[in-house]
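One letter stands for each residue in the lines below.
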Amino acid sequence: MASLPVEVVYGLYFGVLTGLVPALVAWTLGFGFRYITGITVPGLAVVVLSVAIAGASGGLMALADPSITQSANQVRLTVALLVVLMGALYAHNRGDAFATEIPRKVSLRKLTERTLSTDVVELVGGRGQVRVTVAGDVGDVEGYPPISAELRSKIRDGEWMFPADIPIPELETRFADRLQSEFHLEAVEVSINEEAKATVAAAPPSGGVSRRLKSGTRAVSVSTLVPTGLAQGDEVTVVTDEREIDATVAGITASADSTESETDDEAGDDRPLVTPRAPTAEGGAGSVTLAVERSNVESLLGSDVRRLEVRSRGVRREFELVSLLRRAGKRFARVTPAVDGVLDDVTLREAEVRETYGVAILAVRHEGAWKIAPRGDHRVSAGDTVFAVGTRSDLNRFSEVVA
């Protein structure tokens, strides 16, 4: 039997030879399992597997040299076993750490996902913005009547700014929602290329003003001095010679061609809505369509309008919350769960959304009905719209798994 130092050196040499394969397997397990599932493999499982693999490798060596397993070589075998275990544990930890440092789950959809060209990105307030414009003429949506030439021109000549760090499919969705909200379109189809040029097909508004009237209100057009910046949806007070009437702006025209008031008391008029409306008024003499209570229609029609007073709607506190969350490094994401996915026909508690993905669910829209701040027993189904908040990396992982 050789001296103890020599036995230790033999053990180190033997441990390195037999520990290479277990270390490689441990690194692969640590990296692959954490990268795919986000969960770390227990160290005990790595130790057991490494010993098994090392035993198989040592057994092959013993076939070539039977003296390896003799009792006289117990020191070198013990040292070799320690080297194998330490190497396997170290490789496992490094693989697990490496999995947390690289981008999550580069899927085929990510690899083929279209992104905007860097040439169209503008820096606005230190953040990248993209200016979307409509290329060519605005088309019509099959099955709907064609839109008017004036509305077609407004869509074609407009420009819209969006964040530049969102993928093109999400940009198309946001642009379609923006057009539908701003022009009250019945349907919108949008396709955007890498140069931020959009191809748009649109269907005209259905119902016009009547769709924007609350139950129990009527639309009345009055000619008066229009405040600069007045916009559709603003709350105003109509001051007449006799009284003051609260109303909501339903539409604005550029100039008043008539001094008489008109009422849209019935919804059966098929004439096209007056279209020279703008998002905000330039100010001056014009005509404003107001939504007023039915009891105030006759009083308003029988009086001369002296002026319009715009009422304050207060500070939009919800934007302060968004600003605070963004300062804390949080972002928002809108996700649609896939069929048979992890959020299809399960409750939020069963899915363990916060514990597993590190995100919080702010709201869920199911068949047009909203549920704000849903509890753990709220059930989510495929096709719902889920709004989540979290860090960018957590939201990306959550979106990949859910959608």
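Residues numbered from 1 in each chain as written. Predicted model: local features only at pLDDT ≥ 70, side-chain atom pairs only at ≥ 80, totals over all residues. Heavy atoms only, no water.

A. Quick peek at the pairing of strand β8 (residues 235-240). Counting buried residues along β8, five of its six residues qualify, which places the element largely inside the surrounding structure. In this sheet, strand β12 (residues 305-310) lies alongside β8 in antiparallel orientation, the contact comprising five bridges. What sits directly across from Val 236, in β12, is Val 310. (Buried < 20%, exposed > 50% of the residue type's maximum accessible area, 1.4 Å probe, protein only. Helix = DSSP H or I, 4+ residues; strand = E, 2+ residues; numbered from the N terminus. Pairing = 2+ DSSP bridges.)

B. Fine view of the pattern of salt bridges. Scanning all chains against the criterion turns up 12 salt bridges. Among the salt bridges present, the one from Arg 174 reaches Glu 170, with a minimum N-O distance of 3.2 Å. Linking Arg 174 with Glu 170, this pair stays in helix α6 (residues 168-183), spanning four residues, or about one helical turn. For Arg 174, a relative accessible area of 31% puts it in the partly exposed group. Residue Arg 178 pairs with Glu 182 through a salt bridge whose shortest N-O separation is 3.9 Å. With Arg 178 and Glu 182 both in helix α6 and four residues apart, this pair spans about one turn of that helix. Looking at Arg 178, the relative accessible area reads 34%, which means it is partly exposed. Judged by relative accessible area, which is 32%, Glu 182 ranks as partly exposed. Members of the salt-bridge network, linked through shared partners, are Glu 170, Arg 174, Asp 177 and Arg 334. (Salt bridge = Lys/Arg side-chain N within 4 Å of Asp/Glu carboxyl O.)

C. Structural context of the sheet that holds strand β13 (residues 331-335). Spatial ordering of the open sheet is given by β13-β18-β15-β16, a layout of four strands whose pairing is antiparallel. A single partner strand is all that each edge strand has here, and the edge strands are β13 and β16 (369-372). Averaged over neighbouring strand pairs, the angle between their axes works out to 15° when direction is ignored. On top of the sheet, helix α11 (residues 392-402) reaches β13, β15 (360-366) and β18 (385-390); it is set at about 5° to β13, its chief contact. (Axes fitted to C-alpha atoms, helices over the stretch in contact; angles between N-to-C directions. Contact = heavy atoms within 4.5 Å.)

D. How the structure looks around the nonpolar core. Ile 155, Phe 175, Leu 179, Val 190 and Val 200 are the most contacted members of the largest nonpolar core, which totals 27 residues. Of all the secondary structure elements, the ones that give two or more residues to this core are β2 (127-134), α5 (149-157), β4 (159-163), α6, β5 (187-192) and β6 (197-203). For this core, the element with the highest residue contribution is α6, accounting for six residues. Phe 175 has contacts with Val 132, Val 134, Trp 160, Phe 162, Val 190, Ile 192, Ala 198 and Val 200, leaving out every residue within four places of it along the chain. Of all hydrophobic cores here, the second largest spans 18 residues; its members include Val 226, Val 238, Ile 252 and Val 288. (Core = buried A, V, L, I, M, F, W, Y, C linked by side-chain atoms within 4.5 Å.)

E. Molecular detail of the packing of aromatic side chains. Applying the stated rule across the entire model yields seven aromatic pairs. When the centroid spacing of 5.4 Å and the interplanar angle of 65° are considered together, the rings of Tyr 357 and Phe 398 count as edge-to-face. With Tyr 357 in helix α10 (residues 353-357) and Phe 398 in helix α11, this residue pair connects regions lying 41 residues apart in the sequence. When sorted by exposure, Tyr 357 lands in the same class as Phe 398, which is buried. Grouped by ring-pair contacts, the aromatic residues Trp 27, Phe 31 and Phe 98 constitute a single cluster. (Phe/Tyr/Trp six-rings, centres within 6.5 Å; stacked < 30°, edge-to-face > 60°.)

F. Here's a closer look at the environment of Glu 235. On the secondary structure map, Glu 235 appears in strand β8. A C-alpha to C-alpha distance of 8.7 Å links Glu 235 and Glu 309, two positions 74 residues apart in sequence. Side-chain polar atoms of Glu 235 contact the side chain of Thr 248, separated by 3.1 Å. (Polar contact = N/O pair within 3.5 Å; in protein donor to acceptor, adjacent residues only side chain to side chain.)

G. Quick peek at α6. For α6, spanning 16 residues, the distance from its first C-alpha to its last is 22 Å, which sits close to the expected 22 Å at 1.5 Å a residue. Where α6 is buried, its residues contact β2, α5, β4, β5 and β6. Looking one or two places after α6, you find His 184, whose phi comes out positive at around 55°. (Expected span 1.5 Å × (residues − 1).)

Bear in mind that shape data such as this cannot, by itself, settle questions of function.
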